[in-house]
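# Tertiary structure, described
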Amino acid sequence: EFVGLCLLVLGFDFFIPKQIIIMKDPINVCVTGAAGQIAYSLLFSLARGEVFGNDQPLHLRMLDIQPAMGTLGGVVMELDDCCFELLTGVIATANSAEAFENADVVLMVGAFPRREGMLRKDLLAKNVQIFKDQGSVLDKVAKKTVKVLVVGNPANTNALICSLSAPSIPTSQFTALTQLDHNRATSMIANKLGVTSQQVKNVMIWGNHSATQYPCVDHAYVVNEDGTTVSVPEAINDKEWIESEFTKAVQTRGAAVIKARGLSSAMSAAKAIGDHMKNWWCGTKEGEWTSMCVMSDGSYGLEKGLIYSHPVTCKDGVITIVPDLKLSDHAKEMMSQTEQELMGERETATAVLK
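Before going into details, it helps to say that this report is about the structure given with it. Bear in mind the structure is a predicted one, so any value in this text is a computation, not a measurement. (Residues numbered from 1 in each chain as written. Predicted model: local features only at pLDDT ≥ 70, side-chain atom pairs only at ≥ 80, totals over all residues. Heavy atoms only, no water.)

Under the counting rule described, the total for this entry stands at 4 aromatic pairs. For the pair F52 and W281, a centre-to-centre distance of 5.1 Å together with 80° between the ring planes defines the contact as edge-to-face. With F52 in the loop between α1 (37–48) and β4 (58–63) and W281 in helix α10 (residues 267–282), this pair connects stretches of sequence that are 229 residues apart. With centroids separated by 5.2 Å and ring planes inclined at 75°, the aromatic side chains of W206 and Y300 adopt a geometry described as edge-to-face. Note that W206 is positioned in strand β10 (residues 204–206) and Y300 in the loop between β14 (290–295) and β15 (307–315), a separation of 94 residues in sequence. In this structure Y300 comes out as partly exposed when scored by relative accessible area, which is 23%. (Phe/Tyr/Trp six-rings, centres within 6.5 Å; stacked < 30°, edge-to-face > 60°. Helix = DSSP H or I, 4+ residues; strand = E, 2+ residues; numbered from the N terminus. Buried < 20%, exposed > 50% of the residue type's maximum accessible area, 1.4 Å probe, protein only.)

Now the structure itself:
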């Protein structure tokens with residue numbers, strides 16, 4: 001509700017609002033795998049302004065394979081029927097060059113799905129070619145400042161191949177999703193302590209978005225209702241639970257959802273994609289961090305050149321790895337295990353590219 005002043009000008013009353021939302025220039029946002037269930041849950045949040053802000057119009061490009069164009073046409077109808085104020089245009093296409101042209105943001109939700117009996121190396125081989133091709137197109141037609149988030153699995157290595165295939169775009173512009181794992185870990189800690197998830201701060205996810213990931217709470221804390229804080233390890237006071245039951249639950253949560261629901265995570269994945277991009281676009285809160293898979297630079301003694309999940313902060317569109325955190329021997333061991341997996345994936349993927 002606006003609060004304003006009434007001025008008498010030439011005998012007329014004019015209402016001058018104190019708060020006026022001035023719209024920015026539209027941005028181009030592409031979603032791949034746009035006919036799928038994750039995208040269906042995601043598109044509403046994007047168009048409503050929940051990710052980029054209620055003053056940021058956007059032009060939406062939805063990319064999928066040709067057989068999905070009929071389904072995607074129905075999604076376009078629904079977007080039209082929503083009458084979103086911030087949505088300035090919609091394109092549904094199977095042409096990646098059309099989808100990526102002058103893109104500001106690309107959300108790579110689509111990937112070749114893992115099928116029954118399929119080995120992980122076979123899945124990697126299928127996706128290497130897809131993300132090599134898409135990276136090459138990004139290199140040619142997207143803005144050099146484009147923000148790329150890879151969601152389709154194996155997300156870390158898919159993002160790496162995409163980056164290597166787009167040499168004119170800085171590696172800092174390519175990320176993969178562990179915000180979902182970050183949210184899962186945060187929620188589990190909150191449930192364990194009987195607090196809200198908003199009270200739990202600075203959980204970390206290290207490594208690969210796989211069963212080797214390391215959910216770490218060594219520097220996490222809880223904000224009590226009176227404003228005081230307590231560290232998560234102190235509040236839980238059960239090291240064995242943290243290092244075994246909690247860690248395993250986060251690592252296998254995706255499989256648990258599939259077993260219970262018969263389908264993979266969609267609503268929570270879409271929420272995590274929105275959280276990731278909102279943090280990157282609008283910035284993380286002062287004193288707080290989140291988890292993102294970014295190109296490793298040797299921080300914490302990790303192998304350079306891997307898309308590896310770190311605790312990060314974001315400001316003015318720049319992602320910064322949180323520096324100089326003290327790590328336990330257990331943490332270092334867990335981080336090394338997931339690092340080794342990513343190094344193996346990189347070796348397999350680059351061999352396919354040769």
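A word on helix α6 (residues 179–193). Given a rise of 1.5 Å per residue, 15 residues ought to cover 21 Å, and the 21 Å separating the end C-alpha atoms of α6 matches this to within 8%. Among all positions in α6, only Q179, L180, D181, H182, R184, A185, T186, M188, I189 and A190 are buried. Following α6 by one or two positions, G194 adopts a phi angle in the positive range, close to 70°. (Expected span 1.5 Å × (residues − 1).)

The next point concerns unusual backbone geometry. Along the chain, N153 connects to P154 via a cis peptide bond; the corresponding omega equals -5°. Mapped onto the elements of the fold, P154 is located in the loop between β7 (147–150) and α5 (155–164). For N102, which is not glycine, the phi dihedral falls at a positive 55°. Along the chain, the position of N102 falls in the loop between α3 (96–100) and β6 (105–108). For N102, a relative accessible area of 39% translates into the label partly exposed.

Here we take up the nonpolar core. It is characteristic of soluble globular proteins that their nonpolar side chains tend to be buried jointly. V31, L46, L60, M62, L107 and I273 are the most contacted members of the largest nonpolar core, which totals 42 residues. Those residues in contact with V31 that sit more than four places away from it in its chain are A39, L42, L43, L46, L60, R61, M62, L63, L107 and V109. Counting 28 residues, the second-largest nonpolar core is a separate cluster that includes L63, F100, F131 and A176. (Core = buried A, V, L, I, M, F, W, Y, C linked by side-chain atoms within 4.5 Å. Contact = heavy atoms within 4.5 Å.)

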